[in-house]
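Letter by letter, the chains look like this.
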Amino acid sequence: ESPSPMHERISEVVRYINKNYMYELSLQSVADKFYVSPYYLSRFFKEVTGFTFVEYLNNVRIKEAKKLLESSSIKVNLIYKKVGFGSVTHFGRVFKSVTGFAPLHYRKRG
């Protein structure tokens, strides 16, 4: 059974996010890139992946941030930009909500 065109499209979007998470990505800009409405993308992204667009994007970014925190001495105030967050405050909030730790505590516990 071949995946539906909608599943194919969402798979492409997921690959696109995985490759481009470090850039500014919004639901609108990604929807435009894939020639779908933001509503369509939002609805089917959640249906197919189990995550909202923003949850998925944040999870990818936090996963990369965790790698950098574990394997480098890059400062947190540089890491947030490298993984695509617009502000260090927002990064800290999302990081803590995903991991249960503030970024610096996450690094120190290692």
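A short tour of the structure in this document, coming up. No experiment lies behind these values; they were computed from the predicted model shown. (Residues numbered from 1 in each chain as written. Predicted model: local features only at pLDDT ≥ 70, side-chain atom pairs only at ≥ 80, totals over all residues. Heavy atoms only, no water.)

So, about the nonpolar core. Core analysis: the biggest nonpolar cluster contains 31 residues, and Ile 17, Leu 41, Phe 45, Val 83 and Phe 91 have the highest contact counts within it. For this core, the secondary-structure elements that each account for two or more residues are helix H1 (5–20), helix H2 (27–33), helix H3 (38–49), helix H4 (53–71), helix H5 (76–82) and helix H6 (88–99). With 8 residues, H4 is the single largest residue contributor to this core. With residues near it in sequence (within four places) discarded, Leu 41 still touches Ile 10, Val 13, Leu 27, Val 30, Ala 31 and Val 36. (Core = buried A, V, L, I, M, F, W, Y, C linked by side-chain atoms within 4.5 Å. Buried < 20%, exposed > 50% of the residue type's maximum accessible area, 1.4 Å probe, protein only. Helix = DSSP H or I, 4+ residues; strand = E, 2+ residues; numbered from the N terminus. Contact = heavy atoms within 4.5 Å.)

This part covers the side chain of Thr 99. Relative to the elements of secondary structure, Thr 99 occurs in helix H6. A relative accessible area of 18% means that Thr 99 is categorised as buried. Polar side-chain contacts of Thr 99 include one of 2.8 Å to the backbone oxygen of Phe 95. Here Phe 101 takes part through its backbone nitrogen, which lies 3.0 Å from a polar atom of the side chain of Thr 99. Setting aside chain neighbours within four positions, we find Thr 99 in contact with Ile 62, Lys 66 and Tyr 106. (Polar contact = N/O pair within 3.5 Å; in protein donor to acceptor, adjacent residues only side chain to side chain.)

With their axes 10 Å apart at the nearest point, H1 and H3 run at an angle of 90° to one another. Considering their axes alone, H1 and H3 lie roughly perpendicular with respect to each other. Two secondary-structure elements touch here, H1 through Met 6, His 7, Ile 10, Val 13, Val 14 and Ile 17 and H3 through Tyr 40, Leu 41, Phe 44, Phe 45, Glu 47, Val 48 and Thr 49. Within the contact of H1 with H3, the residues separate by chemical class into 10 nonpolar, 2 polar and 1 charged. (Axes fitted to C-alpha atoms, helices over the stretch in contact; angles between N-to-C directions. Parallel < 35°, antiparallel > 145°, perpendicular 65-115°, else oblique. Nonpolar A, V, L, I, M, F, W, Y, C, P; charged D, E, K, R; others polar.)

Scanning the model with the defined rule gives 1 salt bridge in all. A salt bridge links Glu 64 to Lys 67, with the shortest nitrogen-to-oxygen separation between them at 3.1 Å. Placement of both Glu 64 and Lys 67 in helix H4 is noted, with a separation of 3 residues, approximately one turn of the helix. (Salt bridge = Lys/Arg side-chain N within 4 Å of Asp/Glu carboxyl O.)

We now examine the environment of Lys 19. Among the secondary structure elements, Lys 19 is positioned in helix H1. Classification of Lys 19 as exposed rests on a relative accessible area of 63%. Spatially, the C-alpha atom of Lys 19 lies 24 Å from that of Thr 89, the residues being 70 residues apart in sequence.

The next point concerns the packing of aromatic side chains. Following the criterion strictly, the structure yields 9 aromatic pairs and no others. Between Phe 45 and Phe 53 the ring centres are 6.0 Å apart and the planes differ by 70°, which places this aromatic pair in the edge-to-face class. For Phe 45, a relative accessible area of 0% corresponds to the buried category. Judged by relative accessible area, which is 4%, Phe 53 ranks as buried. Between Phe 95 and Tyr 106, the aromatic rings sit 5.4 Å apart at their centres with planes inclined by 80°, giving edge-to-face as the arrangement. Taken together, the residues Phe 95 in helix H6 and Tyr 106 in helix H7 (residues 103–109) connect sequence positions 11 residues apart. Under the relative-accessibility criterion, Phe 95 is labelled buried at 0%. (Phe/Tyr/Trp six-rings, centres within 6.5 Å; stacked < 30°, edge-to-face > 60°.)

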